[in-house]
Amino acid sequence: MSNAEAVATFLVEVRELFEQIEQGLLDLEHRLDDRALIDSIFRSLHTLKGSGAMFGFEALAQFTHHCEDAFDRIRKGEAVATSDLVSAILAAMDHMRAMVEHPKKNHGATSQKLLAGVHAAIAKALPGAGEAAPGSVTWRVKFKLPTNALANGINPLALLKEMRDLGPCEIVASDREIPPLDQLNPTECHLTWVVTLTTNQPRSAIEEVFIFVMDDMSLTIESIDGHAPSEPADASAAVAADAAASNITGEQPIAAAETAGSRPAENRTGESVRVPAERLDELMDRVGELVIAQSRLRQLAASSQDVALRSVSEEIERLSNELRNTTMVLRMVPVGTLFSRFRRLVHDISHEIGKTIELTFDGETTEVDKTIAERLVDPLVHLVRNAADHGLESPEQRLAAGKPEAGQMCISAHHAGSEVIISVKDDGRGIDRERVRARAEQQGLLAPGAAIGDSELLQMIFHPGFSTAQKITNLSGRGVGLDVVKRTLETLRGSIDLSSTPGKGTEFSLRIPLTLAIIDGLLVRVGRGRYVVPLSAVEECLELPTEMDLRSQGRNFISLRDSLVPFIRLRELFNTGTPPDRHQKIVVISTGNDRVGLVVDQIIGDHQTVIKSLSKLHADVATFSGATILGDGSVALILDVAQLLALGQWQEAQMRIAG
Amino acid sequence: MSGSILAIDDSSSIRVAVKTALSSAGFAVTEAANGADGIAKAKANHFDLIVTDLNMPIMDGLTMIEELRKSPAHMGVPIIFLTTESDAGLKQRAKAAGATGWLTKPFDPAQIVKIVKKVLGQ
């Protein structure tokens, strides 16, 4: 066999070797402790080195020697195979191929660089061999102290501090192994910590921290990658450590770290998933069912002596509350998306009617349920048009009134409890009370010359067919409008309020619930039936003493902090035919400035209410806005706050008329 | 940072070595000559940490540690025992009795200060 032939054979052989090594490395990546694989890769590298030297590939042989050496150490158990090392050797492999294909080229620089990578990887793979480790290594240290550690004087904070002294670290505590309170011995330690530590100290330095407890505890120390966290972790580590110390940290970071096998500090903000809206609706439905099932469980648990059942029930209650909130948040969109379309609308209007309008927004980031946001568009368009057309004066009138020429309009949003308040405000002429009164009298809504409060007078403009516009413009003033706005709001279980100062401006405020599907309700009993009052509308609950009940027959007013509040006897309204309870209660409900008391027989308590709409047959029944299913499977009707308030107002008006 | 330390050993030379090392690091050191003496002093005053020998007359270190751990007031107080390299089995028994950590004899002043500070988290 001539030398040339031998070289040709070598070249064929070497390609096969590369194939074998590459396949071996790729398999090794998934089975890092497979001894047979490690041996086979070592043999292939060894052959490659030997043959290379024989056939004049000196550089290749030398280069391969380092890789072979690395595997030799793994083979002898001095180091462990890591995926870092596999990657480094794979990169080195590609370089070996290049060295074989282009033997004339100078490969020195690349060789040096790749070998440095291989060395760094093997250095990290040596247990406790920090002396060879250049730079910092990130370790994931997971430990659970022996349960008697606290009693035996081990201070977990001291251990965490020692680790922080080694380098920047992020500490996460898991409380998932803490037993229920009734089985908890406060002297025992049940926390598991996961510390992501970046340090230039060797592994032995980390082991040193646990020297006194190492034999009795579970401790895993593994290197996760070669580079330090991208952010300086000190501040967040301190926070995380404090949280860990006070045992309030959630478990999610650990779960994430375990599944992803990566650093928990990974920044995942800005990632989002698009989900069809129906799926969210479906999810909300399921959560609704869960809430109903949960309240049945709660009722069962409450009447049971079983402590374990109660604790499970409480746990499920907490989880379902959290799930409900999370699900609701999923459906939230910032109102800013809603507002932005008004910019164009106001621009067009101002050109059409020759008024300069400056539109400003406030609270665009306020979030509201997507469905609600969509259904708010029409009412808001109406209010914005109204404000532009009726509210704001013409430039000449404004200048004459000493106002800047440009009219100001502001659309704002903010949260108030479980509601969102969106308001449309202008600095125009305000509502002309005289014209409202004249129009109301003309329409027969108001007896001529009758005394009426300012806010009641303003409420007149929400009556169907009511318009004070002197001429009908293209934009508004055709008498279809504010009543529609009000009705839309009511279907959303919201309400509308307005305030107006003559010469200064008008503000319409829309109050809308955060979500449509589930509300917090106050469960009350009237006769034998149970009803739910939306908690957001409840202002206070009082006792209705029997003597006061008798005295107020026919008048139905109570004095509440110097103001008269009308009340409605639900027992009479619903014709229950039962005698009143000895201790009746009044639930005072309100929206905005209107208040009315509801006389009920008993207040049962708060109740998370999943709203089911009434059937078509019952859709026209006033005073009820829906129904819900109680824990025991029975149905409770949800009172329609707006309707009851209107009834109360009517009652008040009747009394005023009667004098 | 500092703290109060109870040093228990029947050999006065070791007690002096422990006391000198820790005092110069800013700790207040109280001495006791055996386990029974140690328990009496531990009950009379609060100590942040206890350093004890194991092999002592009257009451040995293991019994003392077990006794101390029985009282809620002394549960959780770090206890470091002094041992020699060969006593691997003893180390296990001392830990089972409730010891926090150990220091191998012979030790130099820097070692004991380091161990005490480590256990106290200083």
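Criteria and thresholds
- Residues numbered from 1 in each chain as written.
- Chains lettered and ligands numbered in written order.
- Predicted model: local features only at pLDDT ≥ 70, side-chain atom pairs only at ≥ 80, totals over all residues.
- Helix = DSSP H or I, 4+ residues; strand = E, 2+ residues; numbered from the N terminus.
- Buried ≥ 20, exposed ≤ 12 C-beta atoms within 10 Å, placed from the backbone.
- Contact = placed C-beta atoms within 7 Å.
- Expected span 1.5 Å × (residues − 1).
- Nonpolar A, V, L, I, M, F, W, Y, C, P; charged D, E, K, R; others polar.
- pLDDT = per-residue confidence, 0-100.
- Pairing = 2+ DSSP bridges.
- Axes fitted to C-alpha atoms, helices over the stretch in contact; angles between N-to-C directions.
- Parallel < 35°, antiparallel > 145°, perpendicular 65-115°, else oblique.
- Left-handed = near helix turned anticlockwise from the far one by under 90°.

Asks: Please explain the overall build of chain A as it appears in this structure.
Replies: Regarding its fold elements, chain A presents 20 helices and 21 strands. Every one of the 659 residues in chain A was classed for burial, and the buried ones make up 34%. Restricting to contacts in chain A with at least 6 residues of sequence separation, those with at least 24 account for 71%.

Asks: Mind showing me how you'd approach helix 1 (residues 12-24) of chain B here?
Replies: Residue pairs three or four apart in sequence face the same way in an α-helix, which turns once every 3.6 residues. Residues and elements named next belong to chain B. Taking 1.5 Å as the rise per residue, helix 1 with 13 residues should run 18 Å; its terminal C-alpha atoms sit 18 Å apart, in good agreement. Buried residues of helix 1: Val18, Lys19, Ala21 and Leu22, and no others. Each element contacted by the buried residues of helix 1 is listed here: strand 1 (4-8), strand 2 (28-32), strand 3 (49-53) and helix 5 (109-120). Of the residues flanking the end of helix 1, it is Gly26, one or two places downstream, whose phi is positive at about 100°.

Asks: Explain the interface of chain A and chain B here, please?
Replies: Accessible area lost upon the coming together of the parts is a frequently used measure of interface size. Facing the 13 residues of chain A at the interface are 15 residues of chain B. A breakdown of the residues in the side of chain A that touches chain B according to their chemical character gives six nonpolar, four polar and three charged.

Asks: Would you explain the confidence of the model for chain B in this entry?
Replies: For chain B, per-residue confidence averages 85 on the pLDDT scale, and 97% of positions sit at 70 or higher. Reported confidence for the predicted complex is 0.83 by ipTM and 0.39 by pTM.

Asks: Explanation requested: the pairing of strand 10 (residues 495-501) of chain A in the structure shown.
Replies: Residues in a regular strand point their side chains to alternate faces of the sheet. Summarising the sheet, strand 10 of chain A and strand 11 (residues 505-513) of chain A pair through seven bridges and their orientation is antiparallel. Bridge pairing in strand 11 of chain A places Ser499 of chain A opposite Glu507 of chain A.

Asks: Sorry, what's going on with the sheet that holds strand 10 of chain A here?
Replies: Hydrogen bonds between backbone groups are what pair the strands of a sheet, and the pairing can be parallel or antiparallel. Residue and element names in this part refer to chain A. The sheet built from five strands is open, its strands ordered 6-8-9-11-10 with mixed pairing. Lying at the two open borders of the sheet, with one neighbouring strand each, are strand 6 (357-362) and strand 10. Each strand of the sheet is rotated relative to its neighbour by a mean of 15°, with strand direction disregarded. Bridge analysis of strand 8 (residues 407-416) against strand 9 (residues 419-426) gives eight bridges, and the strand direction is antiparallel. What sits directly across from His415, in strand 9, is Val420.

Asks: Mind showing me how you'd approach the environment of Ile39 of chain B here?
Replies: In this structure, Ile39 of chain B sits in helix 2 (residues 35-44). Sequence separation between Ile39 of chain B and Ile65 of chain B is 26 residues; the distance between their C-alpha atoms is 8.8 Å.

Asks: When you look at the sheet that holds strand 18 (residues 594-600) of chain A in this model, what are you seeing that I'm missing?
Replies: All names here are of chain A. Read across the open sheet, the five strands follow the order 14-17-18-16-15; overall the sheet is mixed. The open sheet is flanked by strand 14 (538-544) and strand 15 (557-560), the only strands paired with a single partner. Each neighbouring strand pair of the sheet contributes to a mean axis angle of 30°, computed without reference to strand direction. When strand 16 (residues 563-569) meets strand 18, the two strands line up parallel, connected through three bridges. If you follow Arg569 over to strand 18, its bridge partner there is Val599.

Asks: Can you help me understand the packing of helix 3 (residues 61-70) of chain B against helix 4 (residues 88-97) of chain B in this one?
Replies: All names here are of chain B. For the pair helix 3 and helix 4, the least separation of the axes is 8 Å and the interaxial angle reads 20°. It follows from the interaxial angle that helix 3 and helix 4 lie roughly parallel. The way helix 3 lies across helix 4 gives a crossing that is right-handed. Of the residues in helix 4, those touching helix 3 at Leu62, Ile65 and Glu66 are Arg93, Ala94 and Ala97. Tallied by class, the residues present in the contact of helix 3 with helix 4 amount to four nonpolar, no polar and two charged.

Asks: I keep staring at unusual backbone geometry and nothing clicks. Help me out?
Replies: The bulk of non-glycine residues show a negative phi, and the bulk of peptide bonds are trans. At Asp562 of chain A, a residue that is not glycine, the phi angle is positive and equals roughly 70°. Mapped onto the elements, Asp562 of chain A comes out in the loop between strand 15 and strand 16. In this structure Asp562 of chain A comes out as exposed when scored by C-beta crowding, with 5 C-beta atoms within 10 Å. Phi angles above zero are rare outside glycine, and Ile58 of chain B is one such case at about 70°.

Asks: So what exactly am I meant to see when it comes to the pairing of strand 17 (residues 584-591) of chain A here?
Replies: Sheet analysis places strand 14 of chain A next to strand 17 of chain A, joined by six bridges and oriented antiparallel. Residue pairing across strands places Glu540 of chain A opposite Val588 of chain A, the latter belonging to strand 17 of chain A.

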